[in-house]
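Read off the chains here:
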Amino acid sequence: MKQVFGYPESLQNRPNHYCPGCTHGIIHRLVAEAIDELQVREKTIAVAPVGCAVLAYNYFNCDAQQAAHGRAPAVATGIKRALPDRIVFTYQGDGDLASIGMAEIVHAANRGENITVIFVNNAIYGMTGGQMAPTTLPGQKTTTSPYGRDTATTGYPIQVCEMLNTLKAPAFIARVSVHDPKNVMKAKEAIKKAFEYQVNGKGFSLVEVLSTCPTNWGMTPVEALKWLENNMVPVFPLGTFRSLEEVSK
Amino acid sequence: MAERIMMKGNEAFAEGAIKAGCRFFFGYPITPQNEIPEYMSRRMPEVGGTFIQAESEVSAINMVYGAGGAGARAMTSSSSPGISLKQEGISYIATAEVPCVIVNVARGGPGLGGLTPSQADYFQAVKGGGHGDYHMIVFAPGSVQEIIDLMYEAFVTADKYRNPVMVLADGLLGQMMEPVVLRDWEDLQIPEKPWASTGMVAGKPQSVINSLGLAPEELENMNIRLQNKYRTIEENEVRYEEDGVEDAELIIVAYGTSARVSKSAINKARAEGKKVGLFRPITLWPFPSKRLAELAEAGKRFMTVEMSAGQMIEDVKLAVNGKSEVEFYGRYNGAIPSVTEVYQAIMKSFEGREVHK
Ligand SMILES: Cc1ncc(C[n+]2csc(CCOP(=O)(O)OP(=O)(O)O)c2C)c(N)n1
Ligand code: SF4
Ligand SMILES: [Mg+2]
């Protein structure tokens, strides 16, 4: 009998701490499935961020290192250079990657480090209680933009994929979402592809995943999924920005 | 195999690390230690190692954390302002118990300061520097040969205790050229690191390199473990050098360049019949407190000579615990005390004393 659905081996079978309806959990599962399917779990090393996913090492069933806020790409660089035959990925939020860790992500991408970055953009600082992120939408209310994000003084949401796509070195850059099953499938495909790039030694790969934070958005999980679709997707267009093979074709 | 060659201090840090089996260097340019990354960028490819010029000191120390956590012998080097930037990373590394070596070829501060040699990073090196209750082991070489030898000891000690080791020098030591014996360490072997995060290959249990302890009890236990380790290090790893302390009335306590200058000043004062000795801490942490306490007990008095406003003097005072007098002579960041100045300070310390005896 063929098993068609089960618990990924790359995920530890234990309850997680994420809020009900938070899509961090879905993204964890997609990453775990991709690692399983590529059969690289035993040689995978995860780098956990500072953010809601700080405990990711308790959920992924692989070796891990916990990095300081924003520094995951530098830590991953050190690991990958020391162990080039291992699969190294970071899992980072938008505050972690696009604010405090902007230098690290840009330079890891620019060096073409052969690592995979899972960038979870929920347009807010989840862990610290809902402050404004560099990806917060214009007008979006957060605990540090109580009148709504004012673009005159705080600028506009940073489009990480578009920005990194100006660099020459990266091999794969894509933005996906997990607000409905169809998009979850697409997200899975992109994440797997990103890891494939690394397995094949192609260089830097990044998947930005639009994600919800019902708790700090002040919404029900269902409302949050709708809000993501209606408000985030227009600001952060989905698609593949860089795919090395296609470029060289 | 040993060869005798002329070498600059900064090159000695680099070649000393290579000889110690270090194959991963991550750094960012800053004067007066640029010869270290430059040397490494040339040398690492020759020995199959990795050199990365990181985007910042912050990134460099986090690359060290990654490589060290993956089991490699890894290092970074910088100078004072750059070392300040590394402090968050060092705190993580110390807590996650990742062995590595950090070289600080210190320059005058505070702020952007200047390019002249300094010992004003003493507090930062020995008292923590970053947040939390942690310690680096801190070596203070006094010659180019000692730089080479201590780089080896630094990597060995880092691995032995799973602890970051800082090799703290000043810009003068970095720039100075001296003859050295460069040898291959016969006992060079990098120990097995079953704790490292290298992948759960063949059923190996999960390794997590981590400094997070969300539950209060978990965090306290983590700290108790660290503190126990620090007590063991204090017990076993203290290093110092003494010269003429037995009959001395006054003992100059100095390390690095200050110790070199003091030595000449002491010789001059000895020639005038003054009973002066030199005590040179080689480990600044753990500090040779026990030995200094013994010497205080034996009736000696002390003077620290430092290229700062007086930092190590606090540890000497703690060590002697009020049992004897501790004087200070220093030039602030940016100036190196001259032999004459230290000699005069010594002579002044003796003024009037004989009369009262
Ligand atoms: C140096 C440092 N600065 C600030 C913090 C506090 N902090 C923890 S998580 C976080 C933001 C996390 O937001 P994000 O990266 O978007 O992740 P999310 O929680 O939304 O998944 C901040 C600012 C910290 N731990 N370290
Ligand atoms: S705070 Fe937001 S991002 Fe964090 S677990 Fe809760 S819903 Fe998810
Ligand atoms: Mg976020």
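Residues numbered from 1 in each chain as written. Chains lettered and ligands numbered in written order. Predicted model: local features only at pLDDT ≥ 70, side-chain atom pairs only at ≥ 80, totals over all residues. Heavy atoms only, no water.

Undergrad: Can you help me understand the coordination of the magnesium ion (ligand 3) in this one?
TA: Octahedral metal centres with six donors ideally show angles of 90 or 180 degrees, and tetrahedral centres with four donors ideally show 109.5 degrees. Residue and element names in this part refer to chain A. Taken together, Asp94 (OD), Asn122 (OD1) and Ile124 (O) make up the protein donors of the magnesium ion (ligand 3), found 2.1 to 2.6 Å from the metal. Donor residues for the magnesium ion (ligand 3) sit on one chain with the sequence pattern D-x27-N-x1-I. Taken together, the residues aspartate 94 in helix H3 (residues 94-100) and asparagine 122 in the loop between strand S4 (116-121) and helix H5 (151-154) connect sequence positions 28 residues apart. By the burial criterion, aspartate 94 is buried, and asparagine 122 matches it. (Donors = N, O, S within 2.8 Å, 3.2 Å for Na, K, Ca; no water. Helix = DSSP H or I, 4+ residues; strand = E, 2+ residues; numbered from the N terminus. Buried < 20%, exposed > 50% of the residue type's maximum accessible area, 1.4 Å probe, protein only.)

Undergrad: Would you mind showing me how to read the sheet that holds strand S7 (residues 239-243) of chain A here?
TA: Where strands meet in a sheet, backbone hydrogen bonds hold them as pairs that are either parallel or antiparallel. Taking strand neighbours across the sheet as the criterion, the eight strands line up as S7(A)-S5(A)-S6(A)-S4(A)-S3(A)-S1(A)-S2(A)-S9(B) in an open arrangement whose pairing is mixed. Strands at the two margins of the open sheet, each flanked by one partner only, are S7 of chain A together with strand S9 (208-209) of chain B. Taken together, the four bridges between strand S1 (residues 44-48) of chain A and strand S3 (residues 87-93) of chain A define a ladder with parallel strand orientation. Note that in S3(A) the partner of Val47(A) across the bridge is Thr90(A). (Pairing = 2+ DSSP bridges.)

Undergrad: How should I be thinking about the site of ligand 2 in this particular structure?
TA: Residues and elements named next belong to chain A. All residues adjacent to ligand 2 are Tyr18, Cys19, Cys22, His24, Cys52, Asn122, Gly126, Cys213, Pro214, Thr215 and Asn216. The biggest single contributor to the shell around ligand 2 is helix H8 (residues 214-217), with three residues. Classifying every residue of the shell around ligand 2 gives six nonpolar, five polar and no charged. (Near = heavy atom within 4 Å. Nonpolar A, V, L, I, M, F, W, Y, C, P; charged D, E, K, R; others polar.)

Undergrad: Explain the interface of chain A and chain B to me, please; I cannot follow it from the model alone.
TA: Size of an interface: often given as the accessible area lost when the parts come together. Contacts between chain A and chain B engage 35 residues on the former and 35 residues on the latter. Across the chain A/chain B interface, buried area totals approximately 2600 Å², and carbon plus sulfur atoms make up 56% of it. It is Glu42(A), Asp63(A) and Gln65(A) that lose the most area in chain A upon contact with chain B, and together they represent 22% of the buried surface on that side. Run the count over chain A and chain B and you get three salt bridges. One can count 19 residue pairs in polar contact (both at pLDDT 80 or more) joining chain A with chain B. Every element with two or more residues in the side of chain A that touches chain B is listed here: S1, strand S2 (63-66), helix H2 (72-82) and helix H4 (102-111) of chain A. Here the side of chain A that touches chain B gets seven residues from one element, more than from any other, and that element is H2(A). When the residues that make up the side of chain A that touches chain B are grouped by side-chain class, the tally is 16 nonpolar, nine polar and 10 charged. (Contact = heavy atoms within 4.5 Å. Buried area = accessible area lost by both parts, 1.4 Å probe. Salt bridge = Lys/Arg side-chain N within 4 Å of Asp/Glu carboxyl O. Polar contact = N/O pair within 3.5 Å; in protein donor to acceptor, adjacent residues only side chain to side chain.)

Undergrad: Before we go on, may I ask you to explain the site of ligand 1 in this structure?
TA: Lining the immediate environment of ligand 1, one finds 17 residues, of which Cys52(A), Asp94(A), Gly95(A), Asp96(A) and Gly126(A) sit closest. Bordering ligand 1 are residues originating from chains A and B. In this structure, Asp96(A) approaches ligand 1 through a main-chain N or O atom, which is 2.8 Å from an oxygen atom. Contacts to ligand 1 include Asn122(A), whose side-chain N or O atom sits 3.1 Å from an oxygen atom. Here the element with the most residues in the shell around ligand 1 is H3(A); it accounts for four residues. Of the residues assigned to the shell around ligand 1, the class counts are six nonpolar, eight polar and three charged.

Undergrad: So what exactly am I meant to see when it comes to the pattern of salt bridges here?
TA: Pairs can form between side chains of opposite charge whenever their charged atoms are close. All chains considered together, the criterion is met by 40 salt bridges over all chains. The partner of Glu33(A) in a salt bridge is Arg29(A), and the shortest N-O contact between them spans 2.8 Å. Taken as a pair, Glu33(A) and Arg29(A) lie in helix H1 (residues 24-37) at a separation of four residues, close to a single helical turn. Neither Glu33(A) nor Arg29(A) differs from the other in exposure class; each is buried. For Arg353(B), the salt bridge goes to Glu327(B), with nearest N and O atoms at 3.5 Å.

Undergrad: In this structure, what is going on with unusual backbone geometry? I would like to understand it.
TA: The phi torsion of most residues other than glycine is negative, and most of the peptide bonds are trans. Residues and elements named next belong to chain B. Cis geometry marks the peptide bond from threonine 31 to proline 32, where omega comes out at 10°. Relative to the helices and strands, proline 32 is located in the loop between strand S2 (24-27) and helix H2 (35-46). Along the chain, glycine 109 connects to proline 110 via a cis peptide bond; the corresponding omega equals -5°. With respect to the helices and strands, the residue proline 110 is situated in the loop between strand S5 (100-106) and helix H6 (122-126). The phi dihedral of glutamate 97 falls on the positive side, at around 55°, and the residue is not glycine. With respect to the helices, strands and loops of the structure, glutamate 97 is situated in the loop between helix H5 (87-96) and S5. For glutamate 97, a relative accessible area of 10% corresponds to the buried category. With a phi angle near 50°, asparagine 321 is a residue other than glycine that sits in the positive phi range. Residue asparagine 321 is classed as exposed on the basis of its relative accessible area, which comes to 57%.

Undergrad: Hey, could you run me through the nonpolar core in this one?
TA: Core analysis: the biggest nonpolar cluster contains 121 residues, and Leu206(A), Met75(B), Met151(B) and Phe302(B) have the highest contact counts within it. The leading source of residues in this core is helix H7 (residues 144-161) of chain B, at 10 residues. Taken domain by domain, the makeup of this core includes at least three residues from each of domain 1 (3-187 + 212-236) and domain 2 (241-356) of chain B. For Leu206(A), the contacting residues outside a window of four places in its chain are Leu97(A), Ile105(A), Val117(A), Phe119(A), Cys161(A), Leu164(A), Phe172(A), Ile173(A) and Ala174(A). If you look at the next biggest cluster of nonpolar residues, it comprises 41 residues, including Ala46(A), Tyr57(A), Ile191(A) and Val209(A). (Core = buried A, V, L, I, M, F, W, Y, C linked by side-chain atoms within 4.5 Å. Domains from an automatic or database assignment.)

Undergrad: Hey, could you run me through helix H11 (residues 289-297) of chain B in this one?
TA: Because each turn of an α-helix spans 3.6 residues, side chains separated by three or four positions in sequence point in the same direction. Residue and element names in this part refer to chain B. When we look at burial in H11, the residues that qualify are Arg291, Leu292, Leu295 and Ala296. Along H11, the residues classed as buried sweep out an arc of 140° about the axis, all on the same side. In H11, the exposed residues that point more than 90 degrees away from the buried face are Lys290 and Glu297. Where the residues of H11 are buried, they touch strand S10 (240-243), strand S11 (250-253), strand S12 (276-281), strand S14 (301-306) and helix H12 (312-320). Backbone geometry just downstream of H11 places glycine 299 in the positive-phi region, at approximately 90°. (Arc of directions from axis to C-beta.)

Undergrad: Even after reading the chapter, I still don't get the sheet that holds strand S13 (residues 283-285) of chain B, so can you show me in this structure?
TA: Residues and elements named next belong to chain B. With mixed pairing, seven strands are arranged side by side in an open sheet as S3-S2-S4-S5-S7-S6-S13. Both outer strands of the open sheet, strand S3 (50-53) and S13, are each paired with one neighbouring strand and no more. Pairs of neighbouring strands in the sheet enclose a mean axial angle of 20°, with direction left out of account. Both strand S6 (residues 137-139) and S13 contribute to a ladder of two bridges, which runs antiparallel. Paired with valine 138 across the bridge in S13 is tryptophan 285. Each of strand S4 (74-78), S5, S6 and strand S7 (164-170) is contacted by H7, which is oriented at about 170° to S6, the strand it contacts most. (Axes fitted to C-alpha atoms, helices over the stretch in contact; angles between N-to-C directions.)

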